[in-house]
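# Overview (structure and organization)
Read off the chains here:
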Amino acid sequence: MTFEEALKLLPVERWRNPPPVVTVVRFEGAIGPRQWRGSLSLGSHAAAIERAFAARRLSAVALSINSPGGSPVQSALLYKRIRQLAEEKKVPVFAFAEDVAASGGYWLALAGDEVYAEEASLLGSIGVVTSSFGLYRLIDRLGIERRLHTAGERKSLLDPFLPEDPADVARLTGLQQDIHESFKEHVRRRRAGKIDASDDTLFSGDVLTGRMALARGLIDGIGDIRSVMRARFGDNVRLVPVATERRRRWWLPRLRPSAEREIWTPVADVLGWLEARALWARFGL
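Description of the structure in this document. What you see is a predicted model; the values in this text were computed from it and never measured. (Residues numbered from 1 in each chain as written. Predicted model: local features only at pLDDT ≥ 70, side-chain atom pairs only at ≥ 80, totals over all residues. Heavy atoms only, no water.)

Looking now at the overall build of the protein chain. Across its full length, the protein chain carries ten helices and eight strands. Looking at the protein chain as a whole, 38% of its 285 residues qualify as buried. Total accessible area on the protein chain is roughly 16,900 Å²; 54% of this is exposed by carbon and sulfur atoms. (Helix = DSSP H or I, 4+ residues; strand = E, 2+ residues; numbered from the N terminus. Buried < 20%, exposed > 50% of the residue type's maximum accessible area, 1.4 Å probe, protein only. Areas by Shrake-Rupley, 256 points an atom, 1.4 Å probe, with all protein chains shown as cover.)

The subject of this paragraph is the environment of Ser-59. Note that Ser-59 resides in strand 2 (residues 58–67). Residue class for Ser-59 comes out partly exposed when judged on its relative accessible area of 21%. Residues Ser-59 and Pro-92, spaced 33 residues apart in sequence, show a C-alpha to C-alpha distance of 7.4 Å. Here Ser-59 is in contact with Pro-20, Val-21, Val-91, Pro-92 and Phe-233, once residues within four sequence places are set aside. (Contact = heavy atoms within 4.5 Å.)

Time to look at helix 7 (residues 166–190). Along its 25 residues, helix 7 runs 36 Å from first to last C-alpha, staying within 8% of the 36 Å computed at 1.5 Å per residue. Buried residues of helix 7: Asp-168, Leu-172, Gln-176, His-180, Phe-183, Lys-184, His-186 and Val-187, and no others. As for helix 7, its buried residues are in contact with helix 4 (72–89) and helix 5 (104–109). (Expected span 1.5 Å × (residues − 1).)

As for its position among the elements, Gly-134 is in the loop between strand 5 (122–124) and helix 6 (136–141). Residue classification places Gly-134 among the exposed positions, given a relative accessible area of 65%. Gly-134 sits 26 residues away from Pro-160 along the chain, and the two C-alpha atoms are 4.7 Å apart.

What follows deals with the nonpolar core. Counting 46 residues, the largest nonpolar core has Phe-27, Phe-53, Leu-63, Ile-82, Val-187 and Leu-218 as its most contacted members. Of all the secondary structure elements, the ones that give two or more residues to this core are strand 1 (21–28), helix 3 (42–54), strand 2, helix 4, strand 3 (93–102), helix 5, strand 4 (114–117) and helix 7. Each residue touching Leu-63, except ones within four places of it in the same chain, is listed here: Val-25, Phe-27, Ile-82, Val-93, Phe-94, Ala-95, Phe-96, Leu-108 and Ala-111. One finds Ala-60, Phe-96, Ile-225 and Met-229 within the second-largest nonpolar core, a separate group that totals eleven residues. (Core = buried A, V, L, I, M, F, W, Y, C linked by side-chain atoms within 4.5 Å.)

Glancing now at the pairing of strand 3. For strand 3, the tally of buried residues reaches eight of ten residues, placing the bulk of the element in the interior. Across six bridges, the pairing between strand 2 and strand 3 is parallel. The residue of strand 3 that forms the bridge with Ala-62 is Phe-94. Taken together, strand 2, helix 4 and strand 3 form a β-α-β motif whose crossover is right-handed. Two elements, strand 3 and strand 4, share four bridges in a ladder whose sense is parallel. Paired with Phe-96 across the strands is Tyr-116, a residue of strand 4. Tracing the backbone out of strand 3, into helix 5 and back to the parallel element strand 4 gives a crossover that is right-handed. Sheet topology places strand 3 next to strand 5; three bridges connect them, and they run parallel. Note on strand 5: the bridge partner recorded for Ala-102 is Gly-124. (Pairing = 2+ DSSP bridges. Right-handed = clockwise from strand over helix to strand, strands pointing away.)

Right, let's get into a nonpolar patch on the surface. The grouping of Leu-138, Leu-142 and Ile-144 at the surface amounts to a nonpolar patch, some 290 Å² of accessible area in total. Take Leu-142: it is sitting in the loop between helix 6 and helix 7. (Patch = residues over 30% accessible without salt bridge, like charges linked within 9 Å, V, L, I, M, F, W, Y side chains within 5 Å. Salt bridge = Lys/Arg side-chain N within 4 Å of Asp/Glu carboxyl O.)

Tracing the backbone through its elements, the reader meets Gly-205 in the loop between helix 7 and strand 6 (207–209). In contact with Gly-205, other than residues within four places in its own chain, are Ser-125, Ile-126 and Gly-127.

In structure tokens, the structure reads:
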């Protein structure tokens, strides 16, 4: 006798017929490498995704997304892990955009079998952007000499401590175009039959509101998690948040592997924060 069969023998109705369960995984922040404090990555969310699909009496998994994008690699890794588990467990996935699900955030939202947003949510931005800092004038003023030695004439690309090289810009443009093609293929595949795949303006990098995205087939409806899940699974559906490892326990010690990490971590934190702020600022947030 299974656990579910045993519950049906109990006299309490809510034990005999337990409500459907929808686990909720939250993705909030810029998508990037683990070096960015507070960023989203497969490393930060893999365990939470696994737990979300392991819940008992699971009817669906909901993704709550509030991200301006970031790393295309981490976006793809998160997407793939969610889709792999959805297919293995045969569980539907619903994605919900909050303030913004743009660029890599929209790539991630496409992990949902259905995608929803608020009317004023910002979505799309199907393109590729690369940002960096030019610091060579600053180090000149500080009297710092930059020394860079490479084996391979193309090993260095847009070094922030050297003047910008047009040849480097051309190489970067080629890389961006290839990533952009992958992004367009991803959108066409996941939104097949819902968008006009021949409409290249969808892939211009433009940002759309929820209402505009719905009209052009980038999402399936306007709505929030609670209202959509209650309409789909009934008013007694249980929404179960799944915590991520980013919520560090207060009693865990802060590990400091080396003196070098202690010295450079604040610098990396500031640069990561600036990169993340630049991503959010593109959407007025």
